Amino acid sequence: MNDSHSSSSDSASMAAIDQNVGRSRRSGSGDQTLATDIPRHWHDIFWLGVFLFHLMGLALALAVLGLNRFKKSDRFNFDRYTSNTTGTVENSHGLTEDYWPMYGLGGGVGTLLGWAWLLLLGCQANHMMKISVHILTTYLAVVSVLCFWSEQIFWGVTFAIGAALQFLYVISVIDRLPFTMLVLRKAVKMVWSLPEVMRVSYAFMLVMLLWMGLWSFGAAGVVASNIDLSGRWWLLVVLSLSLFWTGAVLCNTVHVIVSGMVFLVLIHGGREAASMPPKPLMKSLRYSVTKSFGSICYGSLFTAAIRTLRWEIRGLRSKIGKNECLLCCVDFLFHLVETLVRFFNKYAYVQIAVHGKSFNRSARDAWELFQSTGVEALVAYDCSGAVLLMVTILGGLITGTCSGVWTHIKWNDDRVTMVGSTAMLMGMVLVGLAMVAVESAVTSIYICYAEDPLLIHRWDAEFFNQLSEALHQRLQHRSARAREVLTHNRFNVAIQGTVPV
């Protein structure tokens, strides 16, 4: 009986793979026009307007906040609004130029880390990824100890919890790391075969660095202001959320550009193929910053948070065991997040790049494509996004530490935490911009494998066989788990039926 179930699950999983390959054979080379000469339309214009309005308003606010204490204390006489009930004003915290160099250090360190990481990935991708996975836990633990030593109890507890969560997550996905490293190596190989893609990443890091010059100018003005401690923190939180959205928009713009290039290369069989359209990078860049930019702004609000939540819940769900109450609660959260992922996922950006759709439609179509072909089992098993996020967090921590230490040398008070935490966000955004090129290649590979597996076979036959074998194993695993749940439920029903009423 078990043998028949096993053989049926094997045939079902192989059928899913054969269905993919069969569809690709039927499509032939006619899909080579898929990503070219498609009429493009403007989508999600409302969110484009919101983002641009927010950017212009924020630029004005940052300039005012920075200038208020630049070279002169309270240039615009804002202190009259920050006086306490007795009519006195708090002691001055300095001038904008006292803190701006520390943010400059953060921006420089973040840029150097991003560029260096991209270069090292091309040489030693496997080793660099392994180092990132294992060193982050250690770094978080060390920073936690230093915070406790400096009597920063809140931040010490925060980093200690972060170290514990990171350790538990790595333990929960340790069996997935070999497959993840395989996919990342192939993605790095693809990115390094496209030097223009590397130049785009470097250029967008420079653009982000220029924006951070103005952003840090305003943030330094906030830290130097006479506003009470809670007021300064709230202002910095608002500025940080804005920087996070702006950074996410730039990252996802690079995502769309790189995805479009990778998809074209795979469809046409190589960068030097005669069928490649002229100036493909410029076309992809033009679409991403015009007609597709509204969709990028919209998706950037939600995708990062939902992806991170999904990783944590998946890791927790796999380690719960037989605690039925906790498993029920986590399953509820899991299904809720899976529903959100259907409408907000990073694979939408590939569909935006290739087909020029709106964000929600792109996300839904990508997810339905994965589920209909079984490739969703591979996507769920892969941890490449989480590994790249670890690299990003590590870069942010190093950046924040550098700026925080300098601030600690000059002032040993609450300003250390303010400058260190905001500089850490700057570093995360800059390193994330460097990592997004690799992540874009990963997502494009999965979309290509789902739409037309022979595209991957033509690019790298060995990698195609490894993907197919992994997909077969994951479908078998899911079939086995489904049979286990079904048997368990039947057993419970049988037990209840024998209990006398």
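Reading the values: rules and limits
Residues numbered from 1 in each chain as written. Predicted model: local features only at pLDDT ≥ 70, side-chain atom pairs only at ≥ 80, totals over all residues. Heavy atoms only, no water. Helix = DSSP H or I, 4+ residues; strand = E, 2+ residues; numbered from the N terminus. Buried < 20%, exposed > 50% of the residue type's maximum accessible area, 1.4 Å probe, protein only. Contact = heavy atoms within 4.5 Å. Areas by Shrake-Rupley, 256 points an atom, 1.4 Å probe, with all protein chains shown as cover. Salt bridge = Lys/Arg side-chain N within 4 Å of Asp/Glu carboxyl O. Phe/Tyr/Trp six-rings, centres within 6.5 Å; stacked < 30°, edge-to-face > 60°. Lys NZ or Arg CZ within 6 Å of the ring centre and 35° of its normal. Patch = residues over 30% accessible without salt bridge, like charges linked within 9 Å, V, L, I, M, F, W, Y side chains within 5 Å. Axes fitted to C-alpha atoms, helices over the stretch in contact; angles between N-to-C directions. Parallel < 35°, antiparallel > 145°, perpendicular 65-115°, else oblique. Nonpolar A, V, L, I, M, F, W, Y, C, P; charged D, E, K, R; others polar. Arc of directions from axis to C-beta. Core = buried A, V, L, I, M, F, W, Y, C linked by side-chain atoms within 4.5 Å. Polar contact = N/O pair within 3.5 Å; in protein donor to acceptor, adjacent residues only side chain to side chain. Left-handed = near helix turned anticlockwise from the far one by under 90°. pLDDT = per-residue confidence, 0-100.

**Here's the deal with the overall build of the protein chain**
Looking only at helices and strands, one finds 18 helices and zero strands in the protein chain. For the protein chain, the proportion of its 501 residues judged to be buried stands at 50%. Residue pairs in contact within the protein chain that sit at least 24 positions apart in sequence constitute 81% of those at least 6 positions apart. Of the accessible surface of the protein chain, which amounts to about 23200 Å², a share of 67% is contributed by carbon and sulfur atoms.

**Overview of the pattern of salt bridges**
Under the criterion given, the structure shown has five salt bridges. Measuring nitrogen to oxygen at the nearest pair gives 3.0 Å for the salt bridge that ties aspartate 460 to lysine 186. Of the two residues, aspartate 460 is situated in the loop between helix H17 (453-459) and helix H18 (461-498) and lysine 186 in helix H5 (residues 177-192); the sequence distance between them amounts to 274 residues. Given the relative accessible area of 16%, lysine 186 is considered buried. With a shortest N-O distance of 3.2 Å, lysine 189 and aspartate 460 are connected by a salt bridge. Taken together, the residues span a long stretch of sequence, with lysine 189 in helix H5 and aspartate 460 in the loop between H17 and H18 at a distance of 271 residues. Judged by relative accessible area, lysine 189 falls into the partly exposed class, the value being 42%.

**Here we look at the packing of aromatic side chains**
Within the structure shown, the criterion is met by 19 aromatic pairs. Between tryptophan 155 and phenylalanine 159, the ring centres sit 6.3 Å apart and the planes meet at 35 degrees, which makes this aromatic pair tilted. With tryptophan 155 and phenylalanine 159 both in helix H4 (residues 153-172) and four residues apart, the pair spans about one turn of that helix. Taking NZ or CZ as reference, lysine 189 lies 5.3 Å from the ring centre of tryptophan 459, over its face. Arginine 286 extends its terminal NZ or CZ atom over the ring of tyrosine 287, reaching a point 5.4 Å from the ring centre.

**Describing a nonpolar patch on the surface**
A cluster of nonpolar residues, Phe148, Ile153, Val157, Ile161, Leu165, Phe167, Leu168 and Ile171, forms a patch on the protein surface that exposes about 740 Å² of accessible area. The dominant element in the nonpolar patch, judged by the number of residues it contributes, is H4, at seven residues. Mapped onto the elements, isoleucine 161 comes out in helix H4.

**Considering the packing of H5 against helix H16 (residues 414-451)**
One way to put it is that H5 packs onto H16 with a least axis distance of 8 Å and a crossing angle of 105 degrees. The angle between the axes of H5 and H16 places the two elements in the roughly perpendicular class. Contacts from Phe179, Val183, Leu184, Lys186, Ala187, Val188, Met190 and Val191 in H5 reach Ala437, Val438, Ala441, Val442, Ile445 and Tyr446 in H16. Looking at side-chain class alone, the contact of H5 with H16 contains 13 nonpolar, no polar and one charged residues.

**Here's the deal with helix H8 (residues 280-289)**
Listed in full, the buried residues belonging to H8 are Pro280, Leu281, Ser284 and Ser288. For H8, the buried positions fall inside an angular range of 100 degrees around the axis, keeping them on one side. In this structure, the buried side of H8 is in contact with helix H6 (195-224), helix H7 (229-268) and helix H9 (293-299).

**Notes on unusual backbone geometry**
Positive phi values are uncommon outside glycine, yet aspartate 44 reaches one of about 50 degrees. In this structure, aspartate 44 sits in the loop between helix H1 (2-27) and helix H2 (45-67). If you check the backbone angles, lysine 71 has positive phi at about 70 degrees while not being a glycine. Mapped onto the secondary structure, lysine 71 falls in the loop between H2 and helix H3 (96-149).

**Side note on the environment of glycine 247**
For glycine 247, the position within the fold is in helix H7. On the basis of relative accessible area, glycine 247 is assigned to the buried category, the value being 3%. Residues glycine 247 and methionine 208, spaced 39 residues apart in sequence, show a C-alpha to C-alpha distance of 7.3 Å. Beyond its immediate stretch of four places on either side in the chain, glycine 247 contacts Met208 and Val429.

**So, the environment of tryptophan 367**
Locating tryptophan 367 in the fold gives a position in helix H13 (residues 359-373). Of the residues examined, tryptophan 367 reaches a relative accessible area of 2% and is grouped as buried.

**Topic: the nonpolar core**
Leu121, Phe179, Met208, Trp215, Phe370, Tyr446 and Ile456 are the most contacted members of the largest nonpolar core, which totals 113 residues. Take this core: its biggest share by element is 21 residues, from H16. Not counting chain neighbours up to four residues away, the residues in contact with tyrosine 446 comprise Phe179, Val183, Tyr347, Phe370, Val375, Leu378, Val379 and Asp382. Leu48, Tyr298, Ala348 and Tyr349 belong to the second largest nonpolar core, which has 15 residues in total.

**What to know about the environment of isoleucine 296**
You can see isoleucine 296 is positioned in helix H9. Accessibility expressed as a relative area gives 0% for isoleucine 296, which makes it buried. C-alpha separation for the pair isoleucine 296 and asparagine 252, spaced 44 residues apart in sequence, amounts to 6.3 Å.

**Thoughts on the side chain of serine 172**
Relative to the assigned elements, serine 172 resides in helix H4. Within polar-contact distance, the side chain of serine 172 engages the backbone oxygen of tyrosine 169 at 2.7 Å.

**Regarding the packing of H7 against H16**
Look at H7 against H16: their axes get within 8 Å of each other, and the N-to-C directions meet at 20 degrees. Relative to H16, the element H7 is oriented roughly parallel. The crossing of H7 and H16 is right-handed. Along the lines of polarity and charge, the residues of the contact of H7 with H16 split into 22 nonpolar, eleven polar and four charged.

**A closer look at the confidence of the model for the protein chain**
When the pLDDT values of the protein chain are averaged, the result is 79; 77% of them are 70 or greater. Mean pLDDT across the elements of the protein chain ranges from a minimum in H1, with 43, to a maximum in H2, with 92. Contacts of residues 1-36 to residues separated by more than four positions or lying in other chains number 52 contacts, the stretch itself having pLDDT below 50. The model gives residues 84-91 a pLDDT under 50, and that stretch makes eight contacts with residues more than four places away or in other chains.

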